[in-house]
Amino acid sequence: MTARHDPAGRRLPIKLDATSNGEYEPVPLTAIGHAARAAAQTSVDGAVRKLGVPRRRYLISLLGAAASLSAFDRTFAANGKRGGRYVVPEDARFESAAAQSRLAGDEFIFDVQLHHVDPQGAWRKRASPSAFRGMPKA
């Protein structure tokens, strides 16, 4: 998170809305999603004031992640959304040890992106003959 890309220091450490690499139009954030993002900003604002630390330093720490996830969880739960939870102790917004105990780990993160295409689409006719070598037949 650099000042060049976030000069106001407002970017949350965990992105809630969809992102596109240009292949498709992302799904807009719902009203609840906007509320969750606003709640996270408010949570971060309060913690930064209480701790007296620079906002950017807070946001790139586990404390910032804890504040964001906790606010997301509270907002979605208050709006009846069920499913996965971000169970983060409230003091993890202020205490590094609490944030570390809940959020730090050495898990391997494997980012898999799904691409949905029409297997008989026009793109297939433009591909070179060797483009599908070794791939299952459609």
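Higher on the page you've got the structure.
Residues numbered from 1 in each chain as written. Predicted model: local features only at pLDDT ≥ 70, side-chain atom pairs only at ≥ 80, totals over all residues. Heavy atoms only, no water.

**Q** Let's hear about the overall build of the protein: which residues, and what values?
**A** A tally of helices and strands in the protein yields five helices and zero strands. When the helices and strands of the protein are read in sequence order from the N terminus, they spell out α-α-α-α-α. A buried classification covers 23% of the 138 residues belonging to the protein. Residue pairs at least 24 apart in sequence account for 62% of intrachain contacts in the protein once pairs closer than 6 positions are excluded. Surface exposure of the protein reaches about 10000 Å², of which carbon and sulfur atoms provide 56%. (Helix = DSSP H or I, 4+ residues; strand = E, 2+ residues; numbered from the N terminus. Buried < 20%, exposed > 50% of the residue type's maximum accessible area, 1.4 Å probe, protein only. Contact = heavy atoms within 4.5 Å. Areas by Shrake-Rupley, 256 points an atom, 1.4 Å probe, with all protein chains shown as cover.)

**Q** Before we move on, can you summarise a nonpolar patch on the surface with the specific residues and values?
**A** Taken together, the side chains of Phe 108, Phe 110 and Val 112 present a nonpolar region at the surface, about 410 Å² in accessible area. The residue Phe 110 is located in the loop between helix H4 (96-103) and helix H5 (122-126) in this model. Since its relative accessible area comes to 64%, Phe 110 is described here as exposed. (Patch = residues over 30% accessible without salt bridge, like charges linked within 9 Å, V, L, I, M, F, W, Y side chains within 5 Å. Salt bridge = Lys/Arg side-chain N within 4 Å of Asp/Glu carboxyl O.)

**Q** So what about the packing of aromatic side chains? Which residues, and what values?
**A** Taken as a whole and judged by the stated rule, the model has two aromatic pairs. Ring centres of Phe 72 and Tyr 86 lie 6.5 Å apart, and the angle between their planes is 65°; on these two criteria the pair is classed as edge-to-face. Remark: Tyr 86 occurs in the loop between helix H3 (62-78) and H4 and Phe 72 occurs in helix H3; sequence separation between them is 14 residues. Here Phe 72 falls in the buried class, since its relative accessible area comes to 1%. A cation sits over an aromatic face here: Lys 50 above Phe 94, 4.2 Å from the ring centre. (Phe/Tyr/Trp six-rings, centres within 6.5 Å; stacked < 30°, edge-to-face > 60°. Lys NZ or Arg CZ within 6 Å of the ring centre and 35° of its normal.)

**Q** Explain the nonpolar core residue by residue, including any values.
**A** By size, the foremost hydrophobic cluster in this structure holds 18 residues, and its most contacted members are Leu 12, Val 44, Tyr 58, Phe 72 and Ala 92. Mapped by element, the contributors of at least two residues to this core are helix H1 (31-51), helix H2 (55-59), H3 and H4. Discounting chain neighbours no more than four positions away, the residues touching Val 44 are Leu 12, Arg 55, Tyr 58, Leu 59 and Ala 67. (Core = buried A, V, L, I, M, F, W, Y, C linked by side-chain atoms within 4.5 Å.)

**Q** I'd like a description of H1, backed by residues and values.
**A** Compared with an ideal rise of 1.5 Å per residue, which puts 21 residues at 30 Å, H1 spans 30 Å between its outermost C-alpha atoms and is within 8% of the ideal. Residues of H1 that are buried in the fold lie against H2 and H3. In the stretch just after H1, Gly 52 is the one whose phi turns positive, near 65°. (Expected span 1.5 Å × (residues − 1).)

**Q** Account for the packing of H1 against H3, naming residues and giving values.
**A** Look at H1 against H3: their axes get within 8 Å of each other, and the N-to-C directions meet at 140°. As judged from the angle between their axes, H1 and H3 are oblique. Crossing angle aside, the handedness with which H1 passes H3 is right-handed. For the pair formed by H1 and H3, the contact residues are Ile 32, Gly 33, Ala 35, Ala 36, Arg 37, Ala 39, Ala 40, Ser 43, Val 44 and Leu 51 on the first element and Leu 63, Ala 67, Ser 68, Ala 71, Phe 72, Arg 74, Thr 75 and Phe 76 on the second. Of the residues assigned to the contact of H1 with H3, the class counts are twelve nonpolar, four polar and two charged. (Axes fitted to C-alpha atoms, helices over the stretch in contact; angles between N-to-C directions. Parallel < 35°, antiparallel > 145°, perpendicular 65-115°, else oblique. Left-handed = near helix turned anticlockwise from the far one by under 90°. Nonpolar A, V, L, I, M, F, W, Y, C, P; charged D, E, K, R; others polar.)

**Q** Explain the pattern of salt bridges residue by residue, including any values.
**A** Scanning all chains against the criterion turns up seven salt bridges. Of the charged contacts, one joins Asp 45 and Arg 10 as a salt bridge, the two residues approaching to 3.1 Å between their closest N and O atoms. Here Asp 45 is found in helix H1, whereas its partner Arg 10 is found in the segment before H1, with 35 residues between them in sequence. We classify Arg 10 as partly exposed; its relative accessible area is 36%. Of the charged contacts in the structure, one is a salt bridge between Glu 90 and Arg 74, with a shortest N-O distance of 3.4 Å.

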